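Chain residues, written in single-letter form:
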Amino acid sequence: MTTDRIGALETLLAETEAAHGVYETTKLSGVYDQEWPRWYAEYAVDHGIGAILGRPVSADELAQNLAAGWDEFQKTDPRPPEPWTTFIARRLASDA
């Protein structure tokens, strides 16, 4: 697991989070998107997460990983001091 890979994943996840915020505001009129892992996964796959991970990744696989990672982040006690994007990036990089 390289620091460069984690950094690239963090950057892509932050970009995805920002784009999703715009999507929720403009397309969903501010309503919380219950299906956010799927939206994030499709965006990240379209924006090169497979190249960062060094292997092909499907939106279905990534959506499952994002949902599981978010659940793990939420359940960790005490809450990790790092942002969720870092937590998920480390998790994804370790699975690569």
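Throughout, a residue's number is its position along its own chain's written sequence, starting from 1. Per-residue local features of the predicted model are confined to residues with pLDDT of at least 70, and side-chain atom pairs are confined, for both listing and counting, to 80 or more; whole-chain, interface and lining totals are unaffected and use all residues. Values reported for side chains reflect all heavy atoms of the structure, with hydrogen atoms and water molecules removed beforehand.

Caption draft 1: The packing of helix 1 (residues 3-26) against helix 5 (residues 84-95), seen in detail. Packing of helix 1 against helix 5 brings their axes to within 8 Å, and their N-to-C directions diverge by 130°. When the interaxial angle is binned, helix 1 and helix 5 end up oblique. As helix 1 runs across helix 5, the sense of the crossing is right-handed. Two secondary-structure elements touch here, helix 1 through Arg5, Ile6, Leu9, Glu10, Leu13, Ala14 and Glu17 and helix 5 through Trp84, Thr85, Thr86, Ile88, Ala89, Arg90, Leu92 and Ala93. In this description, a line fitted to the C-alpha atoms serves as the axis of each element, helices being fitted only across the stretch in contact, and the angle between N-to-C directions of two axes falls anywhere from 0 to 180 degrees. Here a strand is any run of E in DSSP of at least two residues, a helix any run of H or I of at least four, and the numbering for each starts at the N terminus. Relative orientations are named as follows: roughly parallel for angles under 35 degrees, roughly antiparallel for angles over 145 degrees, roughly perpendicular for angles from 65 to 115 degrees, and oblique for any other angle. Two helices that cross are described as forming a left-handed crossing if the nearer one is turned anticlockwise from the farther one by less than a right angle, and a right-handed crossing if clockwise. Only heavy atoms enter the contact rule, under which two residues are in contact if any of them lie within 4.5 Å.

Caption draft 2: Up close: the packing of aromatic side chains. Only rings of Phe, Tyr and Trp enter the pairing, Trp through its six-membered ring, and a pair is recorded when the two centres are within 6.5 Å. The plane angle decides the type: under 30 degrees is stacked, over 60 is edge-to-face, the rest tilted. Under the criterion given, the structure shown has ten aromatic pairs. With 6.0 Å between their ring centres and 85° between their planes, Trp36 and Trp70 make a pair best called edge-to-face. Taken together, the residues span a long stretch of sequence, with Trp36 in helix 2 (residues 36-46) and Trp70 in helix 4 (residues 59-75) at a distance of 34 residues. Trp36 sits in the buried class, given a relative accessible area of 10%. With relative accessibility at 26%, the residue Trp70 sits in the partly exposed group. Relative accessibility under 20% of the residue-type maximum defines a buried residue, over 50% an exposed one, and the middle range a partly exposed one, all with a 1.4 Å probe and only protein chains included.

Caption draft 3: Representation of the packing of helix 1 against helix 2. Between helix 1 and helix 2, whose axes approach to 10 Å, the crossing angle comes to 120°. On the basis of their axis angle, the class for helix 1 and helix 2 is oblique. Note on packing geometry: the crossing formed by helix 1 with helix 2 is right-handed. Between helix 1 and helix 2, the residues in contact are Leu12, Glu15, Thr16, Glu17, Ala19, His20 and Tyr23 and Trp36, Trp39, Tyr40, Tyr43 and Ala44, respectively.

Caption draft 4: Representation of the side chain of Asp33 in the model. Structurally, the position occupied by Asp33 is in the loop between helix 1 and helix 2. The side chain of Asp33 is buried and forms no salt bridge, while Arg38, the nearest opposite charge, is found at 10 Å. At 2.8 Å, the side chain of Asp33 forms a polar contact with the side chain of His20. Beyond its immediate chain neighbours, meaning those up to four positions away, Asp33 contacts His20, Tyr23, Glu24, Leu28 and Trp39. Only four residue types enter the charge count: Lys and Arg as positive, Asp and Glu as negative, with His and the chain ends excluded. Each salt bridge in this description consists of a side-chain nitrogen of Lys or Arg and a carboxyl oxygen of Asp or Glu lying within 4 Å of one another. Here a polar contact means two N or O atoms within 3.5 Å. Within protein one must be a hydrogen donor candidate and the other an acceptor candidate, and residues neighboring in sequence count only if both atoms are side-chain atoms.

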